[in-house]
Amino acid sequence: MSIIFKRKSVRKFTDEEVSDELIEKLLKAGMQAPSSCNSQPWEFIVVSNPEDKLAISKMHRFAKPAAEASKLIVTIGNLNEAKVHRMIEQDLGACNENILLQATHEGLGAVWLGFHPIEDRTLKLKQFLDIPDYCIPFSVICVGWPKNQGEVKLRYDESKVHWNRY
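Residues numbered from 1 in each chain as written. Predicted model: local features only at pLDDT ≥ 70, side-chain atom pairs only at ≥ 80, totals over all residues. Heavy atoms only, no water.

Q: Looking at this structure, how should I read the environment of Arg-165?
A: Residue position: Arg-165 is located in the segment after β4 (135-144). For Arg-165, a relative accessible area of 69% gives the class exposed. In this structure the C-alpha to C-alpha distance between Arg-165 and Glu-151, which are 14 residues apart in sequence, comes to 35 Å. (Helix = DSSP H or I, 4+ residues; strand = E, 2+ residues; numbered from the N terminus. Buried < 20%, exposed > 50% of the residue type's maximum accessible area, 1.4 Å probe, protein only.)

What follows is the structure, given as structure tokens:
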């Protein structure tokens, strides 16, 4: 569990590039996630072009880290592959978390930018990246070498734990 307790959202990155080989490791980790009926409905767009990263960073007020990241991983839910459409958010959430944990393991910084289910955000990303209608742009994960490590705060709160009944 140590990697879980080291993971934190990183929004500031150095100028050092993240290799395609490291990105592939993150994608492999994402694809190991559990999914409803093992449908594995995910697809990805890796964005490295500076102009594209800048454009994505302007798609909503919390997307600013996209401009500074070495690479972006856009996670997409393919509705043609999903066996249970209403579970696609859970499938992609697990996929995203695996990517974030692998990034931490590799010494990278990463942050998950939410796009789905906010319609205007999703539509902007879909149009900009030419994502087909049968796919849902779920999120953008910014990946880079962290500018500063900062301290991870433990979040365990015993008052939120109930045994047997609420």
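Q: Honestly, a nonpolar patch on the surface in this entry has me stumped. Any pointers?
A: Together, Ile-4, Phe-5 and Leu-154 give the surface a local cluster of nonpolar side chains, amounting to about 330 Å² of exposed area. Within the element layout of this structure, Phe-5 appears in helix α1 (residues 2-6). Taking relative accessible area as the criterion, Phe-5 reaches 44% and is therefore assigned partly exposed. (Patch = residues over 30% accessible without salt bridge, like charges linked within 9 Å, V, L, I, M, F, W, Y side chains within 5 Å. Areas by Shrake-Rupley, 256 points an atom, 1.4 Å probe, with all protein chains shown as cover. Salt bridge = Lys/Arg side-chain N within 4 Å of Asp/Glu carboxyl O.)

Q: What is the right way to look at the pattern of salt bridges in this model?
A: When the charged atoms of two side chains lie near each other, side chains of opposite charge can form a pair. Using the criterion set out here, one finds 6 salt bridges in the structure. Lys-71 is paired through a salt bridge with Asp-20; the nearest N and O atoms lie 3.6 Å apart. Of this pair, Lys-71 sits in strand β2 (residues 71-78) while Asp-20 sits in helix α2 (residues 20-31), placing them 51 residues apart in sequence. Among the residues examined, Asp-20 registers a relative accessible area of 53% and is labelled exposed. Note that Lys-147 and Glu-68 form a salt bridge whose closest N and O atoms lie 3.7 Å from each other. Highlighted residues: Lys-147 in the segment after β4 and Glu-68 in helix α4 (residues 65-68), separated in sequence by 79 residues.

Q: Is there a simple way to think about the packing of α2 against helix α5 (residues 88-105) in this case?
A: Packed helices, taken two at a time, are described by the angle between their axes plus the distance between the axes. One can describe the packing of α2 onto α5 by two numbers: an axis separation of 7 Å at closest approach and a directional angle of 140°. As judged from the angle between their axes, α2 and α5 are oblique. When you trace α2 past α5, the crossing you get is right-handed. Of the residues in α5, those in contact with Lys-25, Leu-26, Ala-29 and Gly-30 of α2 are Cys-95, Asn-98, Ile-99, Gln-102 and Ala-103. Per-class residue counts for the contact of α2 with α5 are 5 nonpolar, 3 polar and 1 charged. (Axes fitted to C-alpha atoms, helices over the stretch in contact; angles between N-to-C directions. Parallel < 35°, antiparallel > 145°, perpendicular 65-115°, else oblique. Left-handed = near helix turned anticlockwise from the far one by under 90°. Contact = heavy atoms within 4.5 Å. Nonpolar A, V, L, I, M, F, W, Y, C, P; charged D, E, K, R; others polar.)

Q: How do you make sense of α2 when you look at a structure like this?
A: Each turn of an α-helix holds 3.6 residues, which means side chains three or four residues apart point in the same direction. With 12 residues, α2 ought to run about 16 Å at 1.5 Å a step, and its terminal C-alpha atoms sit 16 Å apart, in line with that. When α2 is considered as a whole, its buried residues turn out to be Leu-22, Ile-23, Leu-26, Leu-27, Ala-29 and Gly-30. On an axial view of α2, the arc spanned by its buried residues comes to 160°, and they lie on one face. In α2, the exposed residues that point more than 90 degrees away from the buried face are Asp-20, Glu-21 and Lys-28. Buried-residue contacts for α2 involve β1 (42-47), β2, α5 and β4. (Expected span 1.5 Å × (residues − 1). Arc of directions from axis to C-beta.)

Q: Honestly, the sheet that holds β4 in this entry has me stumped. Any pointers?
A: What holds strands together in a sheet is hydrogen bonding between their backbones, with the strands either parallel or antiparallel. One open sheet accounts for 4 strands, arranged β1-β2-β4-β3; its pairing is antiparallel. Unpaired on one side and paired on the other, β1 and β3 (109-114) mark the two borders of the sheet. Mean inter-strand twist for the sheet, computed between neighbouring axes without regard to direction, equals 25°. Most of the contacts of helix α3 (residues 50-57) go to β1, to which it runs at about 115°, and overall it touches β1, β2 and β4. Here α5 sits on the sheet in contact with β1, β2, β3 and β4, set at roughly 10° to β4. (Pairing = 2+ DSSP bridges.)

Q: How should the side chain of Lys-126 be read in this particular structure?
A: Counting through the fold element by element, Lys-126 comes out in helix α6 (residues 119-128). Of the side chains with opposite charge, Asp-133 lies nearest to the buried Lys-126, which makes no salt bridge, at 4.3 Å. Not counting chain neighbours up to four residues away, the residues in contact with Lys-126 comprise Ile-131, Pro-132, Asp-133, Cys-135 and Pro-137. (Lys, Arg positive; Asp, Glu negative; His and termini not counted.)

Q: Hey, could you run me through unusual backbone geometry in this one?
A: Excluding glycine, residues mostly have negative phi values, and the peptide bonds linking residues are mostly trans. A cis amide bond, omega 10°, links His-116 with the succeeding residue Pro-117. Structurally, Pro-117 can be placed in the loop between β3 and α6. Even without a glycine there, the phi angle at Asn-38 is positive, about 50°. Relative to the helices and strands, Asn-38 resides in the loop between α2 and β1. Assessed through its relative accessible area of 52%, Asn-38 is described here as exposed. Notably, Gln-40 is not glycine yet its phi reads approximately 50°, a positive angle.

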